[in-house]
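What the coordinates show
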Amino acid sequence: GAGVSQSPRYKVAKRGQDVALRCDPISGHVSLFWYQQALGQGPEFLTYFQNEAQLDKSGLPSDRFFAERPEGSVSTLKIQRTQQEDSAVYLCASSSDRGASTGELFFGEGSRLTVL
Amino acid sequence: QQQVKQSPQSLIVQKGGISIINCAYENTAFDYFPWYQQFPGKGPALLIAIRPDVSEKKEGRFTISFNKSAKQFSLHIMDSQPGDSATYFCAAINGGGSEKLVFGKGTKLTVNP
């Protein structure tokens, strides 16, 4: 596709429900990132994949958060037993190998999660 | 711990004026400094970026100034237009390290007609 595609764009979950957010990166981009953006704040790093390998998951806030990219393309961010503090926009970004080291990322429009 | 500090939080400028956003960092391992622009409901988009061995980079109306000794850098938007109204984020990365891009908290720019 022309850009990074994320779905769903909006998700409302009841506290305790599990959610799954999908990211379709730009074709050929080996690097994929997930960021969390709270209202009025800058994006905060969650996790990073190079192809199918998850190289850094230091930003995941708890073990309720899990990300995968099994075939090195599409990625899914899963949040189990959602809490109100999980409400945020979840941004996916992809980049070339060089772009990953220079911070030149291509972001999707995000998935806005609201936990009631 | 805020790795990249950004100011001001919000900025209102008249059309044709100069918008200036400032950022500061502590980690001297950072070796690339991109700026992102974000419109409401959209993801951030790369605007312009600079390496620390360059003191200034200009692309159209957008200029980054970099002061390595002070560990500060800034974005100048010349001849600001209403279409520039957006939130701007400075960011930094240690490309040889964790490849984790860290963002400032953002500056909401409003350019009045």
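Going by the structure above, here's the rest.
Below is a summary of the structure that appears in this document. (Residues numbered from 1 in each chain as written. Chains lettered and ligands numbered in written order. Predicted model: local features only at pLDDT ≥ 70, side-chain atom pairs only at ≥ 80, totals over all residues. Heavy atoms only, no water.)

**Quick notes on the pairing of strand β2 (residues 10-14) of chain B**
Residues and elements named next belong to chain B. Residues L11 and V13 line the buried face of β2, whereas the alternating positions S10, I12 and Q14 sit on a face that is not buried. With five bridges joining them, β2 and strand β11 (residues 107-112) adopt parallel strand pairing. Looking at the pairing, S10 lines up with K108 of β11. (Buried < 20%, exposed > 50% of the residue type's maximum accessible area, 1.4 Å probe, protein only. Helix = DSSP H or I, 4+ residues; strand = E, 2+ residues; numbered from the N terminus. Pairing = 2+ DSSP bridges.)

**Here we look at the state of the cysteines**
With the rule as written, the count across this model stands at two disulfides over all chains. Disulfide partner of C23(A): C92(A), at an S-S distance of 1.9 Å. Its S-S torsion of about -65° marks the bond between C23(A) and C92(A) as left-handed, since a negative value means left-handed. In this pair, C23(A) sits in strand β3 (residues 19-24) while C92(A) sits in strand β9 (residues 88-95), placing the two residues 69 residues apart along the sequence. Neither residue differs from the other here; C23(A) and C92(A) are each classed as buried. The partner cysteine of C23(B) in its disulfide is C90(B), sulfur to sulfur 1.9 Å. Looking down the S-S bond of the C23(B) and C90(B) bridge, the torsion is -95°, so its handedness is left-handed. (Disulfide = S-S within 2.5 Å.)

**Thoughts on the interface of chain B and chain A**
Listed by partner, the interface residues are 20 residues for chain B and 23 residues for chain A. Taking the shortest distance from any N to any O, the salt bridge between E109(A) and K42(B) comes out at 2.7 Å. Between the two partners, chain B and chain A, sit eight residue pairs in polar contact (both at pLDDT 80 or more). Class assignment of the residues belonging to the side of chain B that touches chain A gives a composition of ten nonpolar, six polar and four charged. (Contact = heavy atoms within 4.5 Å. Salt bridge = Lys/Arg side-chain N within 4 Å of Asp/Glu carboxyl O. Polar contact = N/O pair within 3.5 Å; in protein donor to acceptor, adjacent residues only side chain to side chain. Nonpolar A, V, L, I, M, F, W, Y, C, P; charged D, E, K, R; others polar.)

**Describing a nonpolar patch on the surface**
A cluster of nonpolar residues, I18(B), I20(B) and M78(B), forms a patch on the protein surface that exposes about 240 Å² of accessible area. Considering the arrangement of structural elements, one finds M78(B) in the loop between β8 (72-77) and β9 (86-92). (Patch = residues over 30% accessible without salt bridge, like charges linked within 9 Å, V, L, I, M, F, W, Y side chains within 5 Å. Areas by Shrake-Rupley, 256 points an atom, 1.4 Å probe, with all protein chains shown as cover.)

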